[in-house]
Amino acid sequence: MATENPKNLYDQVSENISQITGRGLLYQTIGIIMGEEQLLYREKTSKICDYFGIKPSANKDEDKEIINDLLDGILKNTPINNVIAKVINQGGNMEWIFVAAAFTFVGLFLYKQTLDKKKQEKIKPTIAPGTQEKPTFQPLIPADLCLVVPASIASNFINHSKLKVDELIYLIDNASYFLCTSVKVADANEQNLEITDDNISSDSIREVYIRININDGRNMIDQNMRYYLKDNLPIQAYCTVKKLACLENLSGLEKFNRI
């Protein structure tokens, strides 16, 4: 039976990693492993990274913190852990650590999926022959949440990325304007905004428009208070950044709720 040399696989990933620039090195490494590096929306990558708290906007120090937590769990009290910690703390060559950590995160997530599937199979109710299981859930009603936040906040996020619920709450808490509505209404309102193609800088004082699609925002639509907006946000909601851009000015926000 033919086998793949693990070193060859490592070299393939390492070669691609050497071309990565900017933030989100761990996120992008996992994207390469999942074969989604060329995609704007990386579904598999986002699921894995969301589960472990790996952000596409993370800097190297934030990625190192995630990797340190992993090492503390699997290499605790072993000599190799001291060697790795020394490399991290002294700013040594991190490439091989990022590759190893990325493969480990992917493997752990796939293992978790396998366990979850087995658990579901055990508790799955037996349906009598000739009968049909009736769905008890309501159809999802998507909503678009449009926010205006400072550039210093928005610079931590990127277009087409998936947000965790606590990240969305963080954005809501830092918004100066908000509007949660249907996709159609959000499209119409967006036409009234003066949006620019300028880069979003963390040290800028500009305001940034961020539009987020929520797969089930039925109870959030038309809420006009920040408290009720957050209170009606489903815990298991899938939230995706749909638009992220600097505003030339604050015109066109007449229908937004001002905080």
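Residues numbered from 1 in each chain as written. Predicted model: local features only at pLDDT ≥ 70, side-chain atom pairs only at ≥ 80, totals over all residues. Heavy atoms only, no water.

Draft legend 1. Region of the structure containing unusual backbone geometry. Residue H160 is not a glycine yet carries a positive backbone phi of 70 degrees. Backbone geometry places D222, a non-glycine residue, at a positive phi of 70 degrees. Its location among the elements puts D222 in the loop between β4 (207-214) and α10 (226-231). With a relative accessible area of 60%, D222 lands in the exposed category. (Helix = DSSP H or I, 4+ residues; strand = E, 2+ residues; numbered from the N terminus. Buried < 20%, exposed > 50% of the residue type's maximum accessible area, 1.4 Å probe, protein only.)

Draft legend 2. Inspection of a nonpolar patch on the surface at higher detail. A cluster of nonpolar side chains, namely M225, Y227 and Y228, defines an oily patch on the protein surface of about 340 Å² accessible area. By the element assignment, M225 lies in the loop between β4 and α10. The class of M225 is partly exposed, set by a relative accessible area of 44%. (Patch = residues over 30% accessible without salt bridge, like charges linked within 9 Å, V, L, I, M, F, W, Y side chains within 5 Å. Areas by Shrake-Rupley, 256 points an atom, 1.4 Å probe, with all protein chains shown as cover. Salt bridge = Lys/Arg side-chain N within 4 Å of Asp/Glu carboxyl O.)

Draft legend 3. Here's a closer look at the state of the cysteines. Within the structure shown, the criterion is met by zero disulfides. Of the cysteine sulfurs around C146, a residue in no disulfide, the closest is that of C180, at 8.0 Å. (Disulfide = S-S within 2.5 Å.)

Draft legend 4. Expanded view of the nonpolar core. Core analysis: the largest hydrophobic core is formed by 27 residues, its most contacted members being L147, L168, L171, I212 and I214. Of all the secondary-structure elements, those providing two or more residues to this core are β1 (143-150), α7 (151-154), α8 (165-173), β3 (177-181), β4 and β5 (239-246). Setting aside anything within four residues of it in sequence, one finds L147 in contact with L171, I172, A175, Y177, F178, V208, Y209, I210 and I212. (Core = buried A, V, L, I, M, F, W, Y, C linked by side-chain atoms within 4.5 Å. Contact = heavy atoms within 4.5 Å.)

Draft legend 5. How the structure looks around α8. Those residues of α8 lying buried are E167, L168, L171 and I172. Buried residues of α8, seen end-on, are gathered within an arc of 145 degrees and therefore sit on one face of the element. Buried residues belonging to α8 abut β1, α7, β2 (162-163), β4, α10 and β5. (Arc of directions from axis to C-beta.)

Draft legend 6. Broad picture of the pairing of β3. Among the five residues of β3, five are classified as buried, and the element is accordingly described as predominantly covered. Alignment of β1 against β3, held across five bridges, turns out to be antiparallel. Paired with C146 across the bridge in β3 is L179. Relative to strand β6 (residues 257-258), β3 runs antiparallel, the two sharing two bridges. Note that in β6 the partner of F178 across the bridge is N257. (Pairing = 2+ DSSP bridges.)

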